[in-house]
Every structure is written in structure tokens, then in C-alpha cells.
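This is what each chain is made of:
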Amino acid sequence: LAYITKASSVSQLTSQVHKVAEYSLQLNETEQQQQHQQTLAELHSVITSSFIISKNMSVLLNLFLVLFASIPAVSCFSSSSLRSSKLLRQHHRTSKSTATTTQLHLNFLDSLFSSTTNSNNKSQIQQLKTQLYKTCQSSYGTSTPPIRTSIESLISQLQPLNPTPSPSTSKLLQRKWIVLWTSEKEINFFLEKGISTRIEQTLSEGKVLENWIPFVRGGGFSVTGSIQPADGDGLRTEFKFESATLDIGKWGTYNFPPLGEGWFDTVYLDEELRIDVNSRNDILICRGE
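This section reports on the structure supplied with the text. (Residues numbered from 1 in each chain as written. Predicted model: local features only at pLDDT ≥ 70, side-chain atom pairs only at ≥ 80, totals over all residues. Heavy atoms only, no water.)

Side note on the pairing of strand 3 (residues 208–214)
Consideration 1: Where strand 2 (residues 200–204) meets strand 3, five bridges bridge the pair, whose relative direction is antiparallel. For Thr202, the partnering residue across the bridge sits in strand 3 and is Glu210.
Consideration 2: Connecting the antiparallel pair strand 2 and strand 3 is a turn made up of three residues, with Glu205 showing a positive phi of about 60 degrees.
Consideration 3: Pairing geometry for strand 3 and strand 4 (residues 220–229), over seven bridges, is antiparallel. The residue of strand 4 that forms the bridge with Trp212 is Ser222. (Pairing = 2+ DSSP bridges. Helix = DSSP H or I, 4+ residues; strand = E, 2+ residues; numbered from the N terminus.)

Written out as C-alpha cells, the structure reads:
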């Protein structure tokens, strides 16, 4: 009971449930029945009391109460090494229907915690993204230490919730992106001076990168290069610029030689948001077009 009420998250609750089940299985049959009835009564009291951590946790504890009332549901938590020989003999005598029912209990609990965790994560992600969008919008084209600190704080909270395991090889990365905010001075120069109001970056076929800065009065500046996923944790993409073109309308178009190479780590990626940190320690936050 103490284990469960100390849980402050779904993952911790799951861990504590396992401990309670393991403890229950180490008791003899008489002790188990007595402890079982006592725990049910005390757990019900705790659930209905005023010091439950949150509404969501109260719901989870209520569901656990239902599951705890079933001995097969409790026994299926533990590993075989924790079962007594008596329980093992009983397990071998169990019918297929009982085994199936026990597995259903386990599957239900697993899906419960999984779906609840996913739901909580989605809600948290959406809140953080909303804050990030607002900060990017109010700071567009500007990168000061306080602004960067605020941005980094939100990124550090989003990064562990990244829903894409290997961003560098994900198809989600291959599309046109609109830059919402960046710390790159070269890009912010065009925005601060009013030369451009929009920055685009397109990744295509897992091989080509193109940065495009359209000018307010026509023309624009583009940089094109090659990209490839780097070996490692699936976050890093290596790039090498191969050409740059400056289009200033009636004054002509000018080509420049390759500008350099480097890498960027995509620390967060979903269907609409992408966050990169590159080899120059610059941040790039983009939204899919």
C-alpha cells in the first residue's frame, strides 16, 4: 500500500504494482488471503480519501483495485523465480481457459498503462509545442541569450518525448520545412534587415538539402547540398554544401562555390515539428509546410 501511494507517475505506479504482486506471492496461502482482504479494504480507503495525488492517478488506482481483487491478475505479474513450488504446481493444474483469462488480465493492464502513458505524453507534447510556437513567433529573426535559454528549456522537455526513434532515416524528415526560429546569424540577417520574411528548407529523397531564402522584392538566395544519415543513434544527418546561387532580379544571378560541410542532430521530429541542433551549436526549429 505504501509503495502504491508513493507513485507520482504511471511508470512509477507500474513498478510499484509489480512490487506488491511479488510480495503477495511470497506469503503462504493463509497469510495471502488475510493480507489480500486487508489490502483491499485499505486501498479502497486510500482511493476515496483526499490525499490522492491527482484525478488521473485516482482512476488508475481504482482500476488496480479491480485487478488486485483477482488472484490470477496478481500472480501473472511476477517472474517464475518468485513463485513458490506450491504455486507452480497449482499453475500446472490450471486449465487453458484460466490461463487465457490470466493473460487477458495482463494484456489489459499492459494496454491500460501504455494507452494512459501515450495519452499523457500527447497532451504534454501539445502543450510544449504550443509554448514553443508562441516563443518562436514573438522572437522570429532574433536570437538573444534570454530567448535562446527559453527555447532550450522547451527543447529539453520535448526531446525525451520525441515520438520518432530514428529521425535521420525517417520519411517524416523528407519534406519542405518552414523555419520558425533559428540562432543562425546568417539566416537572421536576412530577417532582421527586412530582406526576407520566410526561410525554407527542403530535404528530399534522403539525399538532397536545399535552403531557400526568398527576397521581399523578388529573387532570393539558395544553397544546395547533399545529405546522408550518419552511423550512430539515428539522430544525426551529415551534409555537404555543393552550390549557392544569389538571384537579385534584374541585376542578375550569381553562382558561388561550395560553402562547407557539417552535421545536424534532429532531437525532435513528428508530423509537423522538427528541431535540429547542428555542428556549430546552432538551433533550427521548423514546421512542415
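Thoughts on the environment of Val223
Consideration 1: Note that Val223 resides in strand 4.
Consideration 2: Take Val223: its relative accessible area is 7%, and that puts it in the buried class.
Consideration 3: Each C-alpha atom of the pair Val223 and Glu210 lies 5.7 Å from the other, and the pair is 13 residues apart in sequence. (Buried < 20%, exposed > 50% of the residue type's maximum accessible area, 1.4 Å probe, protein only.)

Let's talk about the packing of aromatic side chains
Consideration 1: Using the criterion set out here, one finds five aromatic pairs in the structure.
Consideration 2: Between Phe189 and Phe190 the ring centres are 5.7 Å apart and the planes differ by 80 degrees, which places this aromatic pair in the edge-to-face class.
Consideration 3: A centroid spacing of 5.9 Å and a plane angle of 20 degrees characterise the contact between Phe190 and Phe215, whose relative ring orientation is stacked. Linking Phe190 in helix 9 (residues 185–192) with Phe215 in the loop between strand 3 and strand 4, this pair joins segments that are 25 residues apart in sequence. Just as Phe190 is buried, Phe215 falls in that class too.
Consideration 4: Here the aromatic residues Phe189, Phe190, Phe215 and Phe221 are joined through ring pairs into a cluster of three or more.
Consideration 5: If you follow Arg175 out to its NZ or CZ, it ends over the ring of Trp177, 5.1 Å from the centre. (Phe/Tyr/Trp six-rings, centres within 6.5 Å; stacked < 30°, edge-to-face > 60°. Lys NZ or Arg CZ within 6 Å of the ring centre and 35° of its normal.)

Description of helix 9
Consideration 1: For helix 9, the set of buried residues is Ile187, Asn188, Phe190 and Leu191. Summarising the axial view, the buried residues of helix 9 lie within an arc of 150 degrees, below the 170-degree limit, and thus occupy one face. Projecting away from the buried face of helix 9 at angles above 90 degrees are the exposed residues Lys185 and Glu192.
Consideration 2: Residues of helix 9 that are buried sit in contact with strand 1 (176–182), strand 3 and strand 4.
Consideration 3: Remark: Gly194 follows helix 9 within two positions and exhibits a positive phi of approximately 75 degrees. (Arc of directions from axis to C-beta. Contact = heavy atoms within 4.5 Å.)

Focus: unusual backbone geometry
Consideration 1: The backbone phi angle of Glu205 is positive, close to 60 degrees, even though this residue is not glycine.
Consideration 2: With respect to the helices and strands, Glu205 occurs in the loop between strand 2 and strand 3.
Consideration 3: With a phi angle near 65 degrees, Asn281 is a residue other than glycine that sits in the positive phi range.
Consideration 4: Among the secondary structure elements, Asn281 is positioned in the loop between strand 8 (273–278) and strand 9 (283–288).
Consideration 5: Owing to a relative accessible area of 47%, Asn281 belongs among the partly exposed residues under this scheme.

Comments concerning the pattern of salt bridges
Consideration 1: Enumeration over the complete set of coordinates arrives at twelve salt bridges.
Consideration 2: For Glu152, the salt bridge goes to Arg148, with nearest N and O atoms at 2.8 Å. Of this pair, Glu152 and Arg148 both sit in helix 8 (residues 145–158), four residues apart, which is roughly one turn of the helix.
Consideration 3: Residue classification places Arg148 among the buried positions, given a relative accessible area of 17%.
Consideration 4: Arg274 is the partner of Asp276 in a salt bridge, and the nearest nitrogen-oxygen pair spans 2.5 Å.
Consideration 5: Each of Lys129, Asp270, Glu272 and Arg287 takes part in salt bridges that share partners, so that together they form one network. (Salt bridge = Lys/Arg side-chain N within 4 Å of Asp/Glu carboxyl O.)

Don't take any of this as a statement about function, it's just geometry.
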